Amino acid sequence: MEHRLDIDPLLRIYCEKWSSTENAVLREIERHTHLHTVKRHDASDMIQGRLISFISKILAPKLILEIGTFTAYATGCLAEGLAPRGRMISIENDLRRRSMIENNLNRLDLVDTVEVIFGDALQIIPELADDLDLVFIDAAKYEYKAYYEAVVDKVRQGGIIIADNTLWKGRVLNSIMDRMTQSMHEFNQWINADDRVEVVLLPYRDGISLIRKV
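Just so it is clear, the structure is predicted and the values come from calculations on it, not from any experiment.

Rules behind the numbers
Residues numbered from 1 in each chain as written. Predicted model: local features only at pLDDT ≥ 70, side-chain atom pairs only at ≥ 80, totals over all residues. Heavy atoms only, no water. Phe/Tyr/Trp six-rings, centres within 6.5 Å; stacked < 30°, edge-to-face > 60°. Helix = DSSP H or I, 4+ residues; strand = E, 2+ residues; numbered from the N terminus. Buried < 20%, exposed > 50% of the residue type's maximum accessible area, 1.4 Å probe, protein only. Lys NZ or Arg CZ within 6 Å of the ring centre and 35° of its normal. Core = buried A, V, L, I, M, F, W, Y, C linked by side-chain atoms within 4.5 Å. Contact = heavy atoms within 4.5 Å. Pairing = 2+ DSSP bridges. Right-handed = clockwise from strand over helix to strand, strands pointing away. Axes fitted to C-alpha atoms, helices over the stretch in contact; angles between N-to-C directions. Arc of directions from axis to C-beta. Expected span 1.5 Å × (residues − 1).

Colleague: I'd like a description of the packing of aromatic side chains, backed by residues and values.
Modeller: Evaluated as defined, the whole model comprises four aromatic pairs. Between the aromatic rings of Y144 and F187, the centroid separation amounts to 5.4 Å while the plane-to-plane angle is 85°, which identifies the pairing as edge-to-face. Of the two residues, Y144 sits in helix 7 (residues 144–151) while F187 sits in helix 8 (residues 179–192), which places them 43 residues apart along the sequence. Ring centres of Y148 and F187 lie 6.0 Å apart, and the angle between their planes is 80°; on these two criteria the pair is classed as edge-to-face. Pair noted here: Y148 is in helix 7 and F187 is in helix 8, with a separation of 39 residues, a long-range link. Given a relative accessible area of 0%, Y148 falls into the buried group. In this structure an aromatic cluster arises from ring pairing among Y144, Y147, Y148 and F187. The positively charged end of K145 is found above the aromatic ring belonging to W190, 3.8 Å away from the centroid. The side chain of K169 reaches across the aromatic face of W168, ending 4.8 Å from its centre.

Written as structure tokens, this is what we have:
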């Protein structure tokens, strides 16, 4: 059973109308994602994109890690807050997306700022630096707990981890859960009990968790 999370469509339009908008290239990437990709509903929308951009701008991170590049829409949003000479690493497991990602990063003028590494995030993360300011998790849902454990000790005090899709189509309310839903529910329980962080789970779209390293 799926439980609807989205607000009234008219309220969504109202929110979009009276929120700061993304730049024209990001708008085109979002539109193309929703029109031409199979997993279009997994992509961030305009409001979520503005939210993660807003958080990034508040933090002014020197180093961002993104787990799951997809079409690089969220990548572009997160990169907007980078400090001068800041950099971003994005990990993507699907090599079939390479051309699209590289094209979109070029259009966003982020080729020299964002390093995309193709491969298994759980093998790549241990080799990364230990001074992460901001992490965005939006990849294989059954690996969320493993991703979190791999990055949490690499995040500086006061740094932020953002985890997308943490309500998983509202199925976390079901009494009988499939493997994916159970993994997400266990992830939510795990971070809530972790005294290294504080967390707020927002019921927007598919759920988004904001996790702060204390």
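Colleague: Describe the nonpolar core, and please don't skip the residues or the numbers.
Modeller: If you look at the biggest cluster of nonpolar residues, it comprises 28 residues, and the most contacted ones within it are I52, L78, M88, L134 and I162. Sorting the residues of this core by element identifies helix 2 (24–36), helix 3 (46–59), helix 4 (73–79), helix 5 (98–107), strand 4 (132–137), strand 5 (155–164) and strand 7 (208–213) as the ones contributing at least two each. In this view, L134 contacts S56, L59, P61, L63, I64, L65, L78, I160 and I162; residues no more than four positions away in its chain are not counted. The next biggest cluster of nonpolar side chains, apart from the first, holds 26 residues, and it includes I125, V135, M184 and V197.

Colleague: Which residues make up the pairing of strand 4, and what values go with them?
Modeller: Of all six residues that make up strand 4, six are buried, and the element is covered over most of its length. Across four bridges, the pairing between strand 1 (residues 63–67) and strand 4 is parallel. Bridge pairing in strand 4 links E66 to F136. The sheet contact formed by strand 4 and strand 5 spans five bridges and is parallel. Note that in strand 5 the partner of I137 across the bridge is A163. Handedness of the crossover is the feature at issue here: the chain leaves strand 4, passes through helix 7, returns alongside strand 5, and the resulting connection is right-handed.

Colleague: Please set out the sheet that holds strand 6 (residues 197–202) residue by residue, giving values where relevant.
Modeller: The seven strands are arranged 3-2-1-4-5-7-6 in an open sheet whose pairing can be described as mixed. The two strands at the open ends of the sheet, each matched to only one other strand, are strand 3 (114–118) and strand 6. For this sheet, the mean angle separating the axes of adjacent strands, direction not counted, is 15°. In this structure, strand 6 lies alongside strand 7, joined through six bridges in antiparallel fashion. Directly across from L202, in strand 7, lies its bridge partner I208. Of the strands in this sheet, strand 1, strand 4, strand 5, strand 6 and strand 7 touch helix 3, which is tilted by about 175° from strand 5.

Colleague: So, the environment of L167: which residues are in play, and what are the values?
Modeller: Counting through the fold element by element, L167 comes out in the loop between strand 5 and helix 8. When its relative accessible area of 14% is taken as the criterion, L167 is described as buried. Taking the C-alpha atoms as reference points, L167 and N188, separated by 21 residues in sequence, lie 8.8 Å from one another.

Colleague: If you had to explain unusual backbone geometry to someone new, which residues and values would you point to?
Modeller: For R85, which is not a glycine, the phi torsion comes out positive at approximately 65°. Tracing the sequence through the fold places R85 in the loop between helix 4 and strand 2 (87–92). We classify R85 as exposed; its relative accessible area is 83%.

Colleague: So what's going on with helix 7? Which residues, and what values?
Modeller: Because an α-helix packs 3.6 residues into every turn, residues spaced three or four apart end up facing the same way. Considered for burial, the residues of helix 7 that qualify are Y144, Y147, Y148 and V151. Across the axial projection of helix 7, the buried residues extend over an arc of 100°, all falling on one side.

Colleague: Could you give me a rundown of helix 8, with the residues and numbers involved?
Modeller: Its 14 residues give helix 8 an end-to-end C-alpha distance of 20 Å, which sits within 8% of 20 Å, the value for a rise of 1.5 Å per residue. Buried within helix 8 we find T181, S183, M184, F187, N188 and I191. Looking down the long axis of helix 8, one finds its buried residues gathered within 160° of arc, a one-sided arrangement.

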